[in-house]
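If you want the building blocks of each chain, they are given just below.
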Amino acid sequence: MTLYELTGDFIKLLDTKKEIDDAEVQKDIEESIKNKIIKKLEGYAKARQSINAEINALKKEEKRLQERRKKLEKRSSMIDDHIKSSMLATEICEITTPLFTLSIRPSKDLLVIDDETSVPVQFFVPQAPKIDKNKLNEWAKNNPGRVNNFGHYEPVNSLIIK
C-alpha cells in the first residue's frame, strides 16, 4: 500500500470509530495501520537521505569540475597572452601553418574608467531597490500593527529529520 492509501485508511478508521463496538479491535486496527504508516515514513526518510547524499556528492563534483574548468581557462588565456606578446615583440602579424592561422589585428580601443564618480549619470544602469527581508522581519516583530499596511504573516510548519 502507498502512504497515501494508508493515511486515507487511518482517517476512515478515525471517522468510523463510533461504529466499531469492540474497543480492543479498534485499538488493534489503529496500531496495525499506524505501524504500517511508520514503516512507510521511515522508508521515505531513508530515500530522502540517499537522495541528499547524492545531491551533496554532485555539488562536490560540480565544484571540482568548476575549479578545473577555471584552471584550464586561465591556462588557455596565458597561452593566448604568450602568443600575442611574442608576435608583437617579433613584429610578426600573421602566421599560417597547416593546422592554424594566427594573426594580430587592431581592434576597438578599450575604455578604461579611472574614476566612476566622474562618469555622467545617464550611463549608469538603473536598478530596482531590494528589500532586506531580515531587517524588515526584525522591524515587523517590534511593530506588529504596521505590517498590515504591506504584508502579513503565514504560519509555517517545518519537517525535521534527525
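Our subject is the structure listed above.
Here the structure is a predicted model, which means the values were calculated and not measured. (Residues numbered from 1 in each chain as written. Predicted model: local features only at pLDDT ≥ 70, side-chain atom pairs only at ≥ 80, totals over all residues. Heavy atoms only, no water.)

Caption draft 1: Here's a closer look at the overall build of the protein chain. The secondary structure content of the protein chain amounts to 3 helices and 2 strands. In the protein chain, the succession of α and β elements from N to C terminus is α-α-β-β-α. By principal-axis analysis of the C-alpha atoms, the protein chain measures approximately 100 × 55 × 20 Å. Residues classed as buried in the protein chain amount to 7% of the 162 residues present. When contacts within the protein chain are restricted to residue pairs at least 6 apart in sequence, those whose partners lie at least 24 apart make up 28%. Within the structure as shown, the protein chain displays about 15700 Å² of accessible surface, and the carbon and sulfur contribution to it stands at 56%. (Helix = DSSP H or I, 4+ residues; strand = E, 2+ residues; numbered from the N terminus. Buried < 20%, exposed > 50% of the residue type's maximum accessible area, 1.4 Å probe, protein only. Contact = heavy atoms within 4.5 Å. Areas by Shrake-Rupley, 256 points an atom, 1.4 Å probe, with all protein chains shown as cover.)

Caption draft 2: Broad picture of the environment of G8. Position of G8 relative to the elements: it lies in helix α1 (residues 3-15). G8 gets classed as partly exposed once you look at its relative accessible area, which sits at 26%. Separated by 97 residues in the primary sequence, G8 and R105 place their C-alpha atoms 74 Å from one another.

Caption draft 3: Inspection of the pattern of salt bridges at higher detail. As enumerated under the stated definition, the model contains 4 salt bridges in all. As a salt-bridge pair, R69 and E73 come within 2.8 Å of each other at their nearest N and O atoms. In this pair, R69 and E73 are both assigned in helix α2 (residues 23-90), 4 residues apart and thus about one turn of the helix distant. Take E73: its relative accessible area is 44%, and that puts it in the partly exposed class. (Salt bridge = Lys/Arg side-chain N within 4 Å of Asp/Glu carboxyl O.)

Caption draft 4: Up close: α2. The terminal C-alpha atoms of α2, which comprises 68 residues, lie 99 Å apart, in line with the 100 Å expected from a rise of 1.5 Å per residue. When we look at burial in α2, the residues that qualify are Q26, E30, I33, I37 and M87. Where α2 is buried, its residues contact α1, β1 (94-96) and β2 (101-103). (Expected span 1.5 Å × (residues − 1).)

Caption draft 5: Inspection of unusual backbone geometry at higher detail. Positive phi, close to 55°, is recorded for E91, a residue that is not glycine. Assignment of secondary structure puts E91 in the loop between α2 and β1. Judged by its relative accessible area of 69%, E91 is exposed.

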